[in-house]
Amino acid sequence: QPSTLPMRTNVAFADIAVPENTRGFDEAPLTIKGGNVLVFCDTHVPHHNRLMLKRAIYITRRYFPHVEDFAVIGDSWDFNLLSRHPKDGRQEDLDESLELGAELYRNVGDYFSRAHVCNGNHDARPGLKLDAPFSLKRVFNSAFGQGWPTCQMNISNLDYMYVDHDDPTRKWMIGHPSHYNGAAGTTAAAIADLEQMNVATAHSHVIGMQQSKSGKYIGIDVGHMTDDSRHYYIRRRMTKFSRWNAGFLIISNGFPHHFTERWSDWANLGC
């Protein structure tokens, strides 16, 4: 039977109802002013590397006292219990992990004026487990409760942020890309040419520096700040991937200073 519904020939897009689900789309990336910041990543609480965190604080305060900001570019927590991957090794206690993460940020925050934190793939696990939006800000609210750090906390659900500088050649994009390359610095250098600024990345857990193909920018894989001996899947598996290396980065006046667990002279540096 022919349809009795009236035919519309002047349908406008505005006539079609589109569900409103734009949460997060209007979030602006964090920007750190002045070109001075301590950058670290991949603490994977409760497996964080306490010695390297102490070194990061000491080096910053001892040799770069003008640096009043620190940035954490992803994977603050491990959230192994919430992973969709098969569970192996000792499972963490979720309450304990949140409390330890809160303690970490309170301790580090005592030495700085401002903290800047962006998302990582492990940080996103609560939302994936719930199959519902659960922002990184909610994770930190759950961890801190009433006891927030003394420093100003800036938290982004995006996985990157910027370090600004008056000189365009000293500007940085820092973050936790969704992919990585075992060849240290490769991913960061590729992003640097795309974004037309220097780039420092997390996620790979390796350390390295590489110039971009254009030769105009530098890409750095920062390393990690976790205790790799406490990650069971690292001990269990035979793999061709590059071995993990701990490290942190201090950007001072737009210039990078990279410190690594194996290749920095800690004795002469005093820690």
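Cut-offs used in this document
Residues numbered from 1 in each chain as written. Predicted model: local features only at pLDDT ≥ 70, side-chain atom pairs only at ≥ 80, totals over all residues. Heavy atoms only, no water. Helix = DSSP H or I, 4+ residues; strand = E, 2+ residues; numbered from the N terminus. Buried < 20%, exposed > 50% of the residue type's maximum accessible area, 1.4 Å probe, protein only. Contact = heavy atoms within 4.5 Å. Areas by Shrake-Rupley, 256 points an atom, 1.4 Å probe, with all protein chains shown as cover. Pairing = 2+ DSSP bridges. Axes fitted to C-alpha atoms, helices over the stretch in contact; angles between N-to-C directions. Polar contact = N/O pair within 3.5 Å; in protein donor to acceptor, adjacent residues only side chain to side chain. Arc of directions from axis to C-beta.

From N to C terminus, the chain includes seven helices and twelve strands. Taking all 271 residues of the chain together, the buried fraction comes to 47%. For the chain, restricting intrachain contacts to residue pairs at least 6 apart in sequence, the fraction spanning at least 24 positions comes to 71%. Total accessible area computed for the chain in this model is approximately 15,000 Å², and 52% of it derives from carbon and sulfur atoms.

The strand order across the open sheet built from six strands is β5-β4-β3-β2-β11-β12, with neighbouring strands paired in mixed fashion. For this open sheet the edge positions go to β5 (152–155) and β12 (255–260), each flanked by a neighbour on one side alone. Adjacent strand axes in the sheet meet at a mean angle of 20° when their direction is disregarded. The sheet contacts of helix α1 (residues 50–63) involve β2 (37–40), β11 (247–252) and β12, and relative to β11 the element is tilted by about 20°. The sheet strands contacting helix α4 (residues 136–144) are β4 (114–118) and β5, and the helix crosses β5 at an angle near 145°.

Further remarks concern the sheet that holds strand β10 (residues 218–222). Read from one edge to the other, the open sheet built from six strands follows the order β1-β6-β7-β8-β10-β9, with strand pairing classed as mixed. Taken across any chain shown, the strands that pair with only one partner, and hence form the sheet edges, are β1 (31–32) and β9 (207–211). Here β9 runs beside β10; their pairing, made up of five bridges, is antiparallel. Its bridge partner being in β10, Q211 is matched across the sheet by I218.

Okay, the side chain of T260 next. With respect to the helices and strands, T260 occurs in strand β12. Under the relative-accessibility criterion, T260 is labelled buried at 7%. For T260, the side chain forms a polar contact with the main-chain nitrogen of W263, separated by 3.2 Å. If near-sequence neighbours (up to four positions away) are discounted, T260 is found in contact with M52, I207, A246, G247 and W266.

With that settled, the discussion passes to the environment of I174. Turning to its location among the elements, I174 is positioned in strand β7 (residues 172–175). Between the alpha carbons of I174 and A200 there is a distance of 4.7 Å; along the sequence they are 26 residues apart. Discounting chain neighbours no more than four positions away, the residues touching I174 are V39, A71, I73, Y160, M161, V163, A200 and I251.

Once that is clear, we can look at α4. Taken together, the buried positions of α4 are L136, V139, F140, A143 and F144. The arc that holds every buried residue of α4, seen down its axis, measures 120°, which confines them to one face. Trailing α4 by a residue or two, G145 shows a phi angle of about 60°, which is positive.

This part is about unusual backbone geometry. Residue P46 follows V45 across a cis peptide bond; omega there is 15°. Locating P46 in the fold gives a position in the loop between β2 and α1. Phi at D75 is positive, roughly 55°, even though this residue is not glycine. By the element assignment, D75 lies in the loop between β3 (69–73) and α2 (94–109). Backbone geometry places H205, a non-glycine residue, at a positive phi of 65°. Looking at the element boundaries, H205 is found in the loop between β8 (198–201) and β9.

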